[in-house]
Amino acid sequence: MNQDVALGITGSVTQADLAPLRESARLGEFAVVYRVERLHQGGGYGDQDKHPLAWAVAVYVDNQLCRVFNARGSGREWNSIDRLSSWLREQGFWYWWTRNDLEPVGDALAEPEDMPDPPSPTTIDPPFSPF
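Heads up: these notes are all about the structure in this document. (Residues numbered from 1 in each chain as written. Predicted model: local features only at pLDDT ≥ 70, side-chain atom pairs only at ≥ 80, totals over all residues. Heavy atoms only, no water.)

## What about helix α3 (residues 81-90)?
1) Next: Taken residue by residue, α3 has Leu-84, Trp-87 and Leu-88 as its buried positions. Viewed along the axis of α3, the buried residues span an arc of 100 degrees, placing them on a single side of the element. For α3, the exposed residues lying more than 90 degrees away from the buried face are Asp-82 and Glu-90.
2) Next: Turning to α3, the residues buried within the fold contact α2 (15-23), β2 (27-37), β3 (53-61), β4 (64-69) and β5 (96-99). (Buried < 20%, exposed > 50% of the residue type's maximum accessible area, 1.4 Å probe, protein only. Helix = DSSP H or I, 4+ residues; strand = E, 2+ residues; numbered from the N terminus. Arc of directions from axis to C-beta. Contact = heavy atoms within 4.5 Å.)

Pasting the structure below:
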């Protein structure tokens, strides 16, 4: 499934476009970080069988969602969400939404409901007093 289509992305911008768009008040306040099937090799993660997914960024320009592309006309991809968060801060974004529609969720186990609450302490130590 093409995530750009699923998210309703209607255009593209390059990193060089971001500052002028922000100055002209056409750039939205937050970005959308989302998971995509990786198209580019590199960044030390050349084995696409081991690392098939990457992170992409979309921003709002004139209230339209646009994906961030590189200067060569391909969608920018990040393998590390930590490096991506640094890049977003450098571009002036203080917050962003993150979505991951491509990896499974819900593996956590619920706590059993029949577990009794731990017993409450019978004595309470007084706060420390130097006197």
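Here the narrative resumes.
## Topic: the pattern of salt bridges
1) Next: A complete count under the given rule lists four salt bridges for this structure.
2) Next: Ionic pairing is found between Arg-26 and Asp-62, a salt bridge with its closest N-O pair at 2.6 Å. With Arg-26 in the loop between α2 and β2 and Asp-62 in the loop between β3 and β4, this pair connects stretches of sequence that are 36 residues apart.
3) Next: Residue classification places Asp-62 among the partly exposed residues on the basis of a relative accessible area of 42%.
4) Next: Among the ionic pairs, Asp-101 bridges to Arg-99, the shortest N-O distance being 2.9 Å. (Salt bridge = Lys/Arg side-chain N within 4 Å of Asp/Glu carboxyl O.)

## Details of the nonpolar core
1) Next: Residues Val-13, Val-57, Val-59, Leu-84, Trp-87 and Leu-88 are the most contacted members of the largest nonpolar core, which totals 17 residues.
2) Next: Residue assignment for this core shows that the elements contributing at least two residues are α2, β2, β3, β4 and α3.
3) Next: Per-element accounting of this core gives the leading share, four residues, to β3.
4) Next: If you look at the next biggest cluster of nonpolar residues, it comprises nine residues, including Leu-7, Ile-9, Val-32 and Val-36. (Core = buried A, V, L, I, M, F, W, Y, C linked by side-chain atoms within 4.5 Å.)

## Describing the sheet that holds β5
1) Next: Strand order in this open sheet of five strands is β1-β4-β3-β2-β5, and the pairing throughout is mixed. Edge positions in the sheet fall to β1 (11-14) and β5, since each has one partner strand and no second. Direction aside, neighbouring strands of the sheet carry axes that sit 35 degrees apart on average.
2) Next: Across the sheet, α2 lies against β1, β2, β3 and β4, angled at about 95 degrees from β1, the strand it touches most.
3) Next: In the packing of α3 onto the sheet, contacts are made with β2, β3, β4 and β5, and the angle to β3 comes to roughly 20 degrees. (Pairing = 2+ DSSP bridges. Axes fitted to C-alpha atoms, helices over the stretch in contact; angles between N-to-C directions.)

## Comments concerning unusual backbone geometry
1) Next: One non-glycine residue, Ala-25, lies in positive phi territory at about 60 degrees.
2) Next: Here Ala-25 shows up in the loop between α2 and β2.
3) Next: One non-glycine residue, Asn-63, lies in positive phi territory at about 65 degrees.
4) Next: By the secondary structure assignment, Asn-63 is in the loop between β3 and β4.
5) Next: By relative accessible area, which is 70% here, Asn-63 ends up exposed.

## A short note on the packing of aromatic side chains
1) Next: Using the criterion set out here, one finds four aromatic pairs in the structure.
2) Next: With a centroid separation of 5.6 Å and an interplanar angle of 65 degrees, the aromatic rings of Phe-30 and Tyr-60 are classed as edge-to-face. A residue pair is termed long-range when its members are at least 10 positions apart, and Phe-30 in strand β2 and Tyr-60 in strand β3 qualify at 30 residues.
3) Next: On the basis of relative accessibility, which here comes to 24%, the residue Phe-30 falls in the partly exposed class.
4) Next: Look at Trp-78 and Trp-87: their rings are 4.9 Å apart centre to centre, the planes differ by 50 degrees, and that puts the pair in the tilted class. (Phe/Tyr/Trp six-rings, centres within 6.5 Å; stacked < 30°, edge-to-face > 60°.)

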